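# Coordinates in review
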Amino acid sequence: MARETRSARRGGGRPAEPDHVRPRLTLLWTVVAILAAASWTLFGGVVSGQFGVEIGVRRIPATLTGDIVLDTPTEYAELEFAIASDLNVKVDAGFGSMLIDAVVNMAGPEHAVLMGDLPIEDLTLYGFVIDKLRFVPEVWFAIPFGSVTDVNNLANSTVIPPGSALFVTGRVSSTCTIGGFTVKHVAMLQDVNFPKPSSPYTAPHTYEVQSQSFALGSLLYVSWRSPFGYSAHATLGLNASQASTSAKGYSAVGSVDPGNWFASGSVSGINLDVLMGASDWLTDVQIGAGFVVSTTQTMSGSVDFSARLPGGMGVGASLGLFANAGSFSGISVSGGIGCFHFAARLDELRLTSLSARFNQSLNLGVMKGAFSVSATGLQAGLTGLSMRLSLTQGLFSAGTSVSFADSSYGFKFASMATQLTFRLTPGTISVQATFSRYGLTRAGLGTSVTF
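The residue numbering used here restarts from 1 in each chain and proceeds along that chain's sequence as written. Whole-chain, interface and lining totals are the exception, using all residues; otherwise, since this is a predicted model, local features are given only for residues with pLDDT of at least 70 and side-chain atom pairs are given and counted only at 80 or more. Side-chain descriptors were evaluated using all non-hydrogen atoms of the structure, hydrogens and water having been removed beforehand.

## What about the overall build of the protein chain?
Secondary structure summary: the protein chain contains 3 helices and 25 strands in total. Counting every atom, the protein chain has about 26600 Å² of accessible surface; 65% of that belongs to carbon and sulfur. Think of it this way: any DSSP run of H or I at least four residues long counts as a helix, any run of E at least two long counts as a strand, and we number them from the N terminus. All accessibility values rest on the Shrake-Rupley procedure with a 1.4 Å probe; residue burial counts only the protein chains present in the view.

See the structure below:
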């Protein structure tokens, strides 16, 4: 359902609003929302939330500057900054609550999301008891952003002109429990043309009110768990897909996709120990099955198998059904000995992946910590190695991780990341820096206050 353009509305009736009026109306509605929240508070609402400022820094490669032309990174380099401020406010009035999530960065506003939460007492409808009924309406407004590569050959985001705050989507999520089934329904009204912030931007592209096109879609989720441990799940989408809807700095699962429908289902955790009888070498035998079909995909599915081997090891396999009938995804084996954990995958009796992990908690007196090492490899040898150390004492916590990876130049250092956090109630200060083989990748300073 495409939105009527402004030129079509000028044919009669009320005159169209000039372009310069729309930003004022957006500001007006924002003020109204803030005043409504303030009024709600005055009439018994409880306000809580968090606001903060984050500063991001990254290195501009000296090899690309006009003054220095080198073929290798330098110790000193120019830096570019990104500064953003976020606000999350929750107003709880007892019978329901409202949440406001808004972010502004150096390019201007990113998004403003208004969300409600309305729990309802249990209902009885035609003899069925509907409990845990809950409605969550939400409305998104956002500035359209696009992805670009800037003059320093670095990934960046830019506002798509004229940069007006536009309605992105309106959603109503409802959840309840009926006869042991958990049901969730999401109804969506969405601008299907709104640019994803990860989409490439090429001038002179613009996006304004006339570019918008709205459509309706819905997602239905149903799940059930039996007293015997197995569970079933089903999903149905009409004019929708499982792809996420995203604006700059905000996203949610599910999006409107005109003309598309899909259905999927699965059953998992069916225990066969009773049917197979006791065994010393194979226990906790479980199977499951699933399928998916859509307007763009022929029905496909699989049967999954898992069990426990002696020594606490686990084994699993998957066999394709329908369109991919007979396909075999291989056999996976995993297990642990003390604080050591490992996993391997066999495909057509050929080892295709191997991983191992070591975790150890540290008791350093008044300071607590943890150390972990993980490694991956194939027949060719070690392909990845990472180590992490985390420490905590009172208001202070820190963590650092180092990784190595295989590349065309051999097995070499890949990255190092360090983060320090101070929790000074009600505030938090966090500093982090990430380095790659070629120098600083990103550094940041974040401060926030919780109320």
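## Focus on the confidence of the model for the protein chain
Per-residue pLDDT for the protein chain averages 85, and the proportion of residues at 70 or more is 88%. Confidence per residue, as judged by the predictor, is encoded in pLDDT with a range of 0 to 100. Note on definitions: a residue-residue contact is assigned when non-hydrogen atoms from the two residues lie within 4.5 Å. The model gives residues 1-25 a pLDDT under 50, and that stretch makes 24 contacts with residues more than four places away or in other chains.

## Some details on the pattern of salt bridges
Opposite charge on two side chains lets them pair, provided their charged atoms get close. We count a salt bridge whenever a side-chain nitrogen from Lys or Arg sits within 4 Å of a carboxyl oxygen from Asp or Glu. If you walk through the whole model with that rule in mind, you get 3 salt bridges. With a shortest N-O distance of 2.5 Å, glutamate 80 and arginine 58 are connected by a salt bridge. Of this pair, glutamate 80 sits in strand β2 (residues 78-92) while arginine 58 is found in strand β1 (residues 46-60), placing the two residues 22 residues apart along the sequence. Residue classification places glutamate 80 among the buried positions, given a relative accessible area of 18%. Ionic pairing is found between aspartate 117 and arginine 134, a salt bridge with its closest N-O pair at 2.8 Å. Think of it in three bands: with a 1.4 Å probe and only protein chains considered, a residue is buried below 20% of the maximum accessible area for its type, exposed above 50%, and partly exposed in between.

## Side note on the environment of alanine 102
Secondary-structure assignment places alanine 102 in strand β3 (residues 97-105). Once the C-alpha coordinates of alanine 102 and glycine 249 are considered, the two residues, 147 residues apart in sequence, prove to be 9.2 Å apart.

## Focus: the side chain of histidine 111
Locating histidine 111 in the fold gives a position in strand β4 (residues 108-120). Looking at histidine 111, the relative accessible area reads 6%, which means it is buried. Side-chain atoms alone can form a polar contact between residues adjacent in sequence; in general such a contact is a pair of N or O atoms within 3.5 Å, and within protein one must be able to donate a hydrogen while the other accepts it. A polar contact is formed between the side chain of histidine 111 and the backbone oxygen of lysine 248, at a distance of 2.8 Å. Setting aside residues no more than four positions away along its own chain, histidine 111 makes contact with Asp101, Ala102, Val103, Phe141, Ala142, Lys248, Gly249 and Tyr250.

## With respect to the packing of aromatic side chains
Ring geometry is summarised as follows: Phe, Tyr and Trp rings, the Trp one being its six-membered ring, pair when their centres sit within 6.5 Å, and such pairs are stacked at plane angles under 30 degrees, edge-to-face over 60 and tilted between the two. For the structure on display, the rule yields 10 aromatic pairs. Plain terms: the ring middles of tryptophan 140 and tyrosine 250 are 5.0 Å apart, the flat faces sit at 85 degrees to each other, and that makes the pair edge-to-face. Taken as a pair, tryptophan 140 in strand β6 (residues 128-142) and tyrosine 250 in strand β13 (residues 250-271) lie far apart in primary sequence, 110 residues in all. As far as burial versus exposure is concerned, tryptophan 140 and tyrosine 250 are alike and both buried. Ring plane angle 20 degrees and centroid distance 6.4 Å describe the contact between phenylalanine 404 and phenylalanine 411, whose orientation is recorded as stacked.

## Details of unusual backbone geometry
Residue alanine 203 is joined to proline 204 through a cis peptide bond whose omega torsion reads 10 degrees. The topology assignment puts proline 204 in the loop between β10 (181-191) and β11 (214-225). Positive phi, normally seen in glycine, also occurs at aspartate 284, with a value near 50 degrees. Secondary-structure assignment places aspartate 284 in strand β14 (residues 283-294).

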